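Single-letter residue listing:
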Amino acid sequence: MYLTQDIALDPMEGSKVISINLIPATVKLTNLAFENAPTTIDQGQTIDLSQYVVYTPNNAADKSLTWSVDHSYQGEIDQDGKLTAYHVSGTVTVTATSVRVPSVSASITLTITTPTITDFTLSKTETTLNIGGQETLTITAFVPDYASASATWASSAPTIAKVSKKGVITDL
């Protein structure tokens, strides 16, 4: 640590007194890195990337960061380092930059993945239709940390009944 000193002489006291005030120099940030950070994020998920930032030196006086993403259509990051991935697959690169020393920054690239459906339920598992009759089914999908999911509908007997993209069954 570097120190500066102020020296004051007081001839009015009858002797020469030297007082030294040691003031700690400001320790500047020299490097940033992401350590043990995840490399994937599910669509719709939010993760706090600030918890993975390593500061060098650790005792830097100002650890304030600005956050940015390279593709704002794939995700957004708030001022605290929380990344939310949108419902688009691909990659997003996040950069953390020192406010005090803008030449010091670190970036991390995360792959945005489609989450896995762990379970689902149908509004009905059996139904009886008259010829030409219709009934709409709904599906509820359970995906950890995910707001919504979509389904692809198909009939196991397409010559007897068809199913629309919205889950409407029509008896043929």
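Everything quoted here is computed from the prediction, not taken from an experiment. (Residues numbered from 1 in each chain as written. Predicted model: local features only at pLDDT ≥ 70, side-chain atom pairs only at ≥ 80, totals over all residues. Heavy atoms only, no water.)

Draft legend 1. Spatial organisation of the sheet that holds strand E13 (residues 134–136). In spatial order, the strands read E13-E16-E15; together these three strands make up an open sheet with antiparallel pairing. Each edge of the open sheet carries a strand with a single partner, namely E13 and strand E15 (161–163). This sheet shows a mean twist of 20 degrees between the axes of neighbouring strands, independent of strand direction. The pairing of E13 with strand E16 (residues 168–171) spans three bridges and is classified as antiparallel. Paired with glutamate 135 across the strands is isoleucine 169, a residue of E16. (Pairing = 2+ DSSP bridges. Helix = DSSP H or I, 4+ residues; strand = E, 2+ residues; numbered from the N terminus. Axes fitted to C-alpha atoms, helices over the stretch in contact; angles between N-to-C directions.)

Draft legend 2. Geometry of the sheet that holds strand E5 (residues 46–48). An order of E5-E9-E8 is seen for the three strands of this open sheet, with the pairing classed as antiparallel. Here the strands that pair on one side only, and so sit at the sheet edges, are E5 and strand E8 (75–77). Averaged over all pairs of adjacent strands, the angle between strand axes in this sheet comes to 15 degrees, irrespective of strand direction. Direction of pairing for E5 relative to strand E9 (residues 82–85): antiparallel, over a ladder of three bridges. Counted as the bridge partner of threonine 46 is threonine 84 from E9.

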